[in-house]
Amino acid sequence: MALVPVNTRALTWAVEESGIAVADLDKRLKVPDGTVGRWIVGHEQPNMTQFKRLRSLLKRPAAVFFMDTPPVPTESAVSMRFAFGATNRSRSPEERHAIRDSSRVRKFVGGLWEDLGRSFNDAPAASTNEDPEHVADTIRASSLHVPIDQQMSWSSPAEAFRNWRTLIERMGILVFL
């Protein structure tokens, strides 16, 4: 079977950016322990089947693995709340992928809006240290103008979500689900 000559720097970058441990990649790819590590240092190369699974797991296009220089990370600053008692933690591979996807969509939509002569509205700002209920009450009253009786009239969580999403997107905030 033909081997795929991946660039070791690009592979190293893709693995690090994914947040998946090398040992976990071995398991997920169903290859012997240490295989991905040998690819990273250039002692071995993946075959085509392994390469396709690797691309899929790391959620990267094939071209990334052949670049001489890895891309510059473009992850925007993201503030996240943590469960009670947790002060900080690494982002999971799923969170990292979701952030990359939403950043890419935001950049695309921003380009469209710019082409149309529009701009993103200034979204209300709040700190992750603020009480979320207070922030929500303030935004509902000052920006969304949704009285409580209107909220209570929504017949299901799905209808409430559709209404909230519509109102929030009118403010120029993209909603991802």
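Residues numbered from 1 in each chain as written. Predicted model: local features only at pLDDT ≥ 70, side-chain atom pairs only at ≥ 80, totals over all residues. Heavy atoms only, no water.

Turning next to the packing of aromatic side chains. Applying the stated criterion across every chain, the model contains three aromatic pairs. On the numbers, 5.6 Å between centres and 50° between planes, the contact of Phe51 with Phe66 is tilted. One end of the pair, Phe51, is in helix α4 (residues 48–58); the other, Phe66, is in the loop between α4 and α5 (93–115), and 15 residues separate them in sequence. The exposure class assigned to Phe51 is buried, which follows from its relative accessible area of 3%. Arranged with centres 5.4 Å apart and planes meeting at 85°, the rings of Trp154 and Trp164 form a pair that is edge-to-face. One end of the pair, Trp154, is in the loop between α7 (148–153) and α8 (157–170); the other, Trp164, is in helix α8, with 10 residues separating them in the sequence. (Phe/Tyr/Trp six-rings, centres within 6.5 Å; stacked < 30°, edge-to-face > 60°. Helix = DSSP H or I, 4+ residues; strand = E, 2+ residues; numbered from the N terminus. Buried < 20%, exposed > 50% of the residue type's maximum accessible area, 1.4 Å probe, protein only.)

Tracing the sequence through the fold places Pro124 in the loop between α5 and α6 (132–144). Pro124 sits 11 residues away from Val135 along the chain, and the two C-alpha atoms are 9.2 Å apart. Ignoring any residue separated from it by four or fewer positions in sequence, one finds Pro124 in contact with Ile139, Ser143, Met171 and Ile173. (Contact = heavy atoms within 4.5 Å.)

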